[in-house]
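Read off the chains here:
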Amino acid sequence: NAGVTQTPKFQVLKTGQSMTLQCAQDMNHNSMYWYRQDPGMGLRLIYYSASEGTTDKGEVPNGYNVSRLNKREFSLRLESAAPSQTSVYFCASSPPGSWGQPQHFGDGTRLSIL
Amino acid sequence: SQKIEQNSEALNIQEGKTATLTCNYTNYSPAYLQWYRQDPGRGPVFLLLIRENEKEKRKERLKVTFDTTLKQSLFHITASQPADSATYLCALDGVTGGGNKLTFGTGTQLKVEL
């Protein structure tokens, strides 16, 4: 079982470049999420999508956009990368249900902005 | 402001002993609390969920308690093994507006020594 797949695994960008991080899940989950993880800050929610066709901002949405392409795929776009966006980005998904569903994570994209 | 606190210092214990990790939170009353394990270079993996009306939950060598009066959860690993070495994250459900959105603590690193 693939679970949640993120591409690429590593990326180095220059300030001002744009990039799209890809995420796909094969578990037929409704909800999908994008987090960033920084040392000492823990995982912080950037955007989430409760279902296909809907997206909403999380705790740290500035500088990012998302697209829920279909039920399987949820992409994160950096339009003009900044050094402050250097981080590890995780995508997650969760099954249907209004409360308390466990989240399934991919193994992350390590992004460095020079 | 809402806050989740986990001990940022690593916990070192001897193989066979019980490891106890703490998760404290303030200014919120979560419906659920979840625990995840994260290995270096990997995404978090769901371990256990406990509801606000549950005092204790067990799964094999793992035990979680939830004290809504103290606003604290304790995560225990009995008969610990070197393979249990990882970072453990607690997460509260619905802190930022409900549903399946989670807010994570920064995690505690556990090292189990032979």
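Predicted, not measured: the structure shown is a model, and the values here were computed from it. (Residues numbered from 1 in each chain as written. Chains lettered and ligands numbered in written order. Predicted model: local features only at pLDDT ≥ 70, side-chain atom pairs only at ≥ 80, totals over all residues. Heavy atoms only, no water.)

Colleague: Which parts of the structure should I look at to understand the layout of surface pockets?
Modeller: Empty space among the atoms becomes apparent when a probe as large as a water molecule is rolled across them. As a volume, the largest pocket reaches approximately 450 Å³. Lining of the largest pocket is provided by 25 residues; of these, Gln37 and Pro39 of chain A together with Gln38, Thr87 and Thr106 of chain B occupy positions nearest its centre. Looking at the lining of the largest pocket residue by residue, the classes come out as 7 nonpolar, 13 polar and 5 charged. (1 Å grid on protein atoms, 1.4 Å probe; cavity = no way out; pocket = protein on both sides within 12 Å on 5 of 7 lines; lining within 4 Å. Points joined across faces, edges and corners; volume = space filled by probe spheres on them. Nonpolar A, V, L, I, M, F, W, Y, C, P; charged D, E, K, R; others polar.)

Colleague: Could you clarify how one ought to interpret the sheet that holds strand 7 (residues 64–68) of chain A in this entry?
Modeller: Note: strands within a sheet are paired through backbone hydrogen bonds, in either parallel or antiparallel orientation. Residue and element names in this part refer to chain A. Sheet architecture is open: 4 strands sit in the order 1-3-8-7, paired in antiparallel fashion. With partners counted over all chains shown, the strands left at the sheet margins are strand 1 (4–7) and strand 7, one partner each. Averaged over all neighbouring strand pairs, the angle between strand axes comes to 15°, with direction disregarded. As defined by bridge partners, strand 3 (residues 19–25) adjoins strand 8 (residues 74–78) across 3 bridges and the pair is classed as antiparallel. (Pairing = 2+ DSSP bridges. Helix = DSSP H or I, 4+ residues; strand = E, 2+ residues; numbered from the N terminus. Axes fitted to C-alpha atoms, helices over the stretch in contact; angles between N-to-C directions.)

Colleague: Explain the state of the cysteines here, please?
Modeller: Cysteine pairs can be linked by a disulfide, which is a covalent bond between their two sulfur atoms. Residues and elements named next belong to chain A. For the structure shown, the criterion picks out 2 disulfides over all chains. Two residues share a disulfide in this structure: Cys23 and Cys91, whose sulfurs sit 1.9 Å from each other. Handedness of the Cys23-Cys91 disulfide follows from its S-S torsion of about -75°: it is left-handed. Taken together, the residues Cys23 in strand 3 and Cys91 in strand 9 (residues 87–94) connect sequence positions 68 residues apart. With a relative accessible area of 3%, Cys23 lands in the buried category. Since its relative accessible area comes to 0%, Cys91 is described here as buried. (Disulfide = S-S within 2.5 Å. Buried < 20%, exposed > 50% of the residue type's maximum accessible area, 1.4 Å probe, protein only.)

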